[in-house]
Amino acid sequence: MLTKFETKSNRVKGLSFHTKRPWILASLHSGVIQLWDYRMGTLIDRFDEHDGPVRGVHFHKSQPLFVSGGDDYKIKVWNYKLHRCLFTLFGHLDYIRTVQFHHEYPWIVSASDDQTIRIWNWQSRTLMSVLTGHNHYVMCASFHPKEDLVVSASLDQTVRVWDIGALRKKTSSPADDILRLSQMNTDFFGGVDAVVKYVLEGHDRGVNWASFHPTLPLIVSGADDRQVKLWRMNDTKAWEVDTLRGHMNNVSCVFFHARQDVIVSNSEDKSIRVWDATKRTGIQTFRREHDRFWILTAHPEMNLLAAGHDSGMIVFKLERERPAFSVSGDCLYYVKDRFLRLYEFSTQKDAQVIPIRRPGSAALNQGPRTLSYSPTENAVLICSDVDGGSYELYIVPRDSIGRGDTVQDAKRGVGGSAVFVARNRFAVLEKSSNQVLVKNLKNEIVKKSVLPVAADAIFYAGTGNLLCRAEDRVVVFDLQQRLVLGELQTSFIRYVVWSNDMENVALLSKHTIIIASKKLEHRCTLHETIRVKSGAWDDNGVFIYTTLNHIKYCLPNGDNGIIRTLDVPVYITKVSQNTVYCLDRDGKNLAVAIDATEYVFKLSLLKKRFDQVMSMIRSSELCGQAMIAYLQQKGFPEVALHFVKDERTRFNLALESGNIQIAVASAKEIDKKDHWYRLGVEALRQGNAGIVEYAYQRTKNFERLSFLYLVTGNIDKLSKMLKIAEVKNDVMGQFHNALYLGDIRERVKILENAGHLPLAYITAAVHGLHDIAERLAADLGDNVPSLPEGKSHSLLIPPSPIMCGGDWPLLRVMKGIFEGGLDNVGRNAQEEDEEAADADWGEDLDIVDGENMQNGDIGMVLEDGEVHEENEEGGWDLEDLELPPELDTPKTSSHARSSVFIAPTPGMPVNLIWTQRSSLAAEHAAAGNFDTAMRLLSRQLGIRNFAPLKPLFFDLHMGSHTYLRALSSSPVISVAVERGWSESSSPNVRGPPALVFKFSQLEEKLKAGYRATTAGKFTEALRIFLSILHTIPLIVVESRREVDEVKELIIIVKEYALGLQMEVKRREVKDDPVRQQELAAYFTHCNLQLPHLRLALLNAMTVCYKARNLNTAANFARRLLETNPTNENHAKTARQVLQAAERNMTDASPLNYDFRNPFVVCGATYIPIYRGQKDVSCPFCSSRFVPSQEGQLCTVCDLAVIGSDASGLLCSPSQIR
């Protein structure tokens, strides 16, 4: 059983499928009727007008109606579109068990516990006939699908078949008068509409269900005697054929399957049983744990069944309907009706190839599941679930195509799944041992491979490769090398579809599609709400797939959409241009035409094939909100602009793409204040002052206009704005404009007119307008304000703008592909703009319109002579207000755009090239990328303390750049200095950076360190050796030999640094003679040059002799004499010490020093670590430490962390090659 949908609810007593839509009605014991979409798994509606359980429910075949009957004795007819009950039929006197619409006539048949069956006309809403005869509850009644018969089952242990032919005649209007007369008589004297044709007796208990076979004269019934009986009838009689036994409790419901030769029954024994109708044997049983079954129904047109039980219902299929198929080039091999068939896509020819054997058992789901084809050998592998999973291998004779009659004996084998992996090799999954058996065409095992994951299926993944499916992942496995080539976490995968070039794969699970590369690198994931059924790749690399009701596409970036809807599910086999080839559930080949425009367009955008995009825009009707939204979302508003007719959308898109011309045209059409304002903002952003001005004028936004004139330095316009403010009696506007103009007299006049005499007086007095100040002082009398003492005043005049007037200069660039070829705004819009640009905007603007003026008409103001001075020059009539042409810039920019200059694209900075090419820390530091240099040093040498390296980083960076002064006003230009540059080298090839630190410098420093050590300047020598250690991480050498020399140098310098640190420490601990002797002794075990070793031995010998540790002193004297000292005094002293010690070979104080046992000295605690004891080391200088020091900073080099993981010194490009 393949469960498609399941609900949890009260006990389900009635079920009905809709003929066309994926809907099912369930009537519950609680009185509610539920309407479910079983495809989406959602509850669409619920109807609850019945009082008490609803036992029967049925959809009408074609009308938006369903009927229900309940324990409240009512039959209700509902309209599901109106969500309400249309009417109720009364008449039954007890519970109604079943209701059903007639397939042709407007009739409803109902069965009831009142022992009657009633037939109603739902159009006239009347009772047509009452069928009496049963003498107990009638449990069900149904119409025959074709003939005028009704079958009913009753608890009186009988099944009755009724003839309702008379009812049909009665309904169709009689042709002549005599017939009409006889009908009147029948009605008048109570004629009989329905007569019992047969009474079928044979059950020992009450019969719960009976139903007709859809085509044959058979009836099946189920009863409380736990038996299912099969009856046959002819024109005159009916008889029992057979009894099917197996149910353990009352049989609730039983019927013939419309498509398969089986009977399905369910029972209160909590099982559904499937029986073979010809052999009359049980095939399969499905059980539930706790729920008794009450009702079964079948979909009128599809292979779906539904069963209602105590806690809900299930929608299920008995067998899967997906045909097994395999595509090879132009051919499709598939299995249909026990034959292997071949379909050619190009010619659409379909031929039978060879017959395939039937499975031995009659069980369900034993048909072929998958098919694999080897084109060179013409061999076919067919896998099925027979025997828990098995395969059959057929070699197709070349000449048999079309005849398809030669029965072959196939080579068989057991295995989870089998696929061809090479020309004449196929792989079989053996689940028990989790291994793959590779076999040849003789079915002999050639090789075995254990799989890397617990696989339950294998799929082809290219020659010699398998894609193995586990519960939560898929793996690509190479059978030759036995390697995992790729792995991906996924939900449970059902099907695998490879692209034609085998570069991409689509993994299909129940509700998701995962697109990945051939190495299973994840590209994208798609989620669908309803089940994904199949898919194929088209020639462009777009994945076309089907769900239960759509054909859809998926682009490489994960964008998807619907291509078309489907009436029935299909399985795609191949996609070729605008045709999708597919198989339906009956195994028929279909070629479905699709419109690929949308996804080809999106793909062209995605791949930046703009020439294709252009031609598609010109030729096809790609429109709709979805496409506009898509283009906007993907950052192509200028393309979307060419689809759009709606002015508001055009305006928004034009602003988004910065196309001021189109925005102006749309703003004129819309003519709304907020649109002009937004246009002004965008034009200001682009520096298009002309359009900004025009937009502010259209909205009469005088404050913004004044400010615009101020910042563009347009004094003439500002003075005109001052007069407009005066005419409009806008005092603040006047004052602002006077302030912007720096016109003192005007400001005083405005303040005086507004009644602010003290302010007017101060303004006049401060600015030296004494005549006006005196006049105002006289007006003020005693209230003359005093000016502050001792303050110097400065003149408040706005600064002159750097660039006066005009638009910003625009960069000349080539027209974009979309602007040039696509001006669907066309010439007209441009001409309109140019016209507007040439016109004087005073005419159509009417800045000072009557209703906005407090002083009435402007003409009156001028007549009053208030602005007399100006009138001599021709007045400031609005015709004179010659503000600039609207669209200067669009003109210039449109010329500029078509010019040929393209702004050069900036190249990659040299320091970026250096860091991308190199893994050497020194080169990253030279490029100025200090963070990556530090990260590299941390990874390679475990360095954590970068303080000592900071000045070196700066030196490297400064040393690899030189700086040129260009012009006094421009910044300094930095030029990268490259290592090994010569005039003959190519200017396009960048060399590595020149570095200030060289290996030769370190050798010089080493000699200086030796000299300081010889001279006994230990602090100075230690400083030199540490500076060498700090420089080594930033050294770059060329050859492998030099790399070894650098590593050798680290060891030499480390030994000296450690020894000198101990010697410096020894000189500090004067009050601890034992510790002094130990440190002097350890110093002699550092790996020093011979002269320095002699000095260290002499020093240790002297210290120990003075402390009366004669035995230890004698050891140092012996070692000193072994070095053949060149200084005779040293040798003499050593001999004397030996003679003195031989008399008394004792030590006064014991030391932590055993010269016989080899040791190294801990760089932090200065104690010996003898051979065999645990230690940790510094990853950079390799000094050794006691384990407790792990994780601390190395005390010898002061750079790295002791015991940290590091990959090792990287100081030459030769190490990377």
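Residues numbered from 1 in each chain as written. Predicted model: local features only at pLDDT ≥ 70, side-chain atom pairs only at ≥ 80, totals over all residues. Heavy atoms only, no water.

With an unreviewed UniProt entry as reference, the chain is termed Coatomer subunit alpha, source organism Vitis vinifera. UniProt, in the comment section headed Subunit (unreviewed entry), describes the chain in these words: "Oligomeric complex that consists of at least the alpha, beta, beta', gamma, delta, epsilon and zeta subunits." (UniProt positions renumbered as here; feature names shortened; annotations may be inferred.)

Details of the packing of helix α28 (residues 1018–1031) against helix α29 (residues 1040–1068)
The contact between α28 and α29 brings their axes to 9 Å, and the two run at 150°. Handedness of the α28/α29 crossing: left-handed. Across the interface between the two elements, F1018, A1021, L1022, F1025, I1028 and L1029 from α28 touch L1049, I1050, V1053, Y1056, A1057, L1060, Q1061, E1063, V1064 and R1067 from α29. For the contact of α28 with α29, the residue count by class is 13 nonpolar, one polar and two charged. (Axes fitted to C-alpha atoms, helices over the stretch in contact; angles between N-to-C directions. Helix = DSSP H or I, 4+ residues; strand = E, 2+ residues; numbered from the N terminus. Left-handed = near helix turned anticlockwise from the far one by under 90°. Contact = heavy atoms within 4.5 Å. Nonpolar A, V, L, I, M, F, W, Y, C, P; charged D, E, K, R; others polar.)

What to know about helix α9 (residues 673–686)
Taking 1.5 Å as the rise per residue, α9 with 14 residues should run 20 Å; its terminal C-alpha atoms sit 20 Å apart, in good agreement. Along α9, the positions that sit buried rather than exposed are H675, W676, L679, G680, E682 and A683. For α9, the secondary structure elements touched by its buried residues are α7 (647–657), α8 (660–670) and α10 (689–698). Downstream of α9 by a residue or two, G687 has a phi angle that is positive, lying close to 75°. (Expected span 1.5 Å × (residues − 1). Buried < 20%, exposed > 50% of the residue type's maximum accessible area, 1.4 Å probe, protein only.)

Points about the pairing of strand β30 (residues 331–336)
One ladder, built from four bridges, connects strand β29 (residues 325–328) with β30; its direction is antiparallel. Directly across from S326, in β30, lies its bridge partner Y333. Where β30 meets strand β31 (residues 339–344), six bridges bridge the pair, whose relative direction is antiparallel. Bridge assignment links Y334 to a residue of β31, and that residue is R341. Where β30 folds back on β31, the antiparallel hairpin that results is connected by two residues, among which D337 adopts a positive phi of roughly 50°. (Pairing = 2+ DSSP bridges.)

So, the sheet that holds strand β10 (residues 96–101)
Read across the open sheet, the four strands follow the order β10-β11-β12-β13; overall the sheet is antiparallel. Taken across any chain shown, the strands that pair with only one partner, and hence form the sheet edges, are β10 and β13 (126–132). The mean angle between the axes of side-by-side strands here comes to 20°, regardless of whether they run parallel or antiparallel. Sheet topology note: the β10/strand β11 (residues 107–112) ladder contains five bridges and is antiparallel. Within β11, the residue paired with V99 across the bridge is S110.

What to know about the side chain of K533
Among the secondary structure elements, K533 is positioned in strand β49 (residues 532–537). Of the buried charged residues, K533 lacks a salt bridge, with E321 as the closest side chain of opposite charge at 7.8 Å. When residues no more than four places from it in sequence are discounted, the contact partners of K533 are K4, R322, Y495, T546, T547, L548, V570, Y571 and R585. (Lys, Arg positive; Asp, Glu negative; His and termini not counted. Salt bridge = Lys/Arg side-chain N within 4 Å of Asp/Glu carboxyl O.)

Here's the deal with helix α26 (residues 950–959)
Within the sequence span of α26, burial applies to L952, F953 and L956. The buried residues of α26 all sit within an arc of 105° when viewed along its axis, so they share a single face. Exposed positions of α26 whose direction lies more than 90 degrees from the buried face are K950 and M958. In this structure, the buried residues of α26 make contact with α24 (921–926), α25 (930–941) and α28. (Arc of directions from axis to C-beta.)

Some points on the packing of aromatic side chains
Aromatic ring pairs: the centre-centre distance and the angle between the two ring planes describe each pair. Applying the stated criterion to the full structure yields 32 aromatic pairs. An angle of 65° between the planes, with centres 6.4 Å apart, marks the rings of Y1082 and Y1153 as edge-to-face. With Y1082 in helix α30 (residues 1073–1083) and Y1153 in the loop between α33 (1128–1143) and β58 (1159–1161), this pair connects stretches of sequence that are 71 residues apart. Assessed through its relative accessible area of 0%, Y1082 is described here as buried. On the basis of relative accessible area, Y1153 is assigned to the buried category, the value being 11%. A network of ring pairs unites the aromatic residues W23, F47, F59, F66, W78 and Y80 as a single cluster. Between the NZ or CZ atom of K13 and the centre of the ring of W294, over which it lies, the distance is 3.9 Å. In this arrangement the basic side chain of R322 is found over the ring face of Y495, its NZ or CZ atom lying 3.6 Å from the centre. (Phe/Tyr/Trp six-rings, centres within 6.5 Å; stacked < 30°, edge-to-face > 60°. Lys NZ or Arg CZ within 6 Å of the ring centre and 35° of its normal.)

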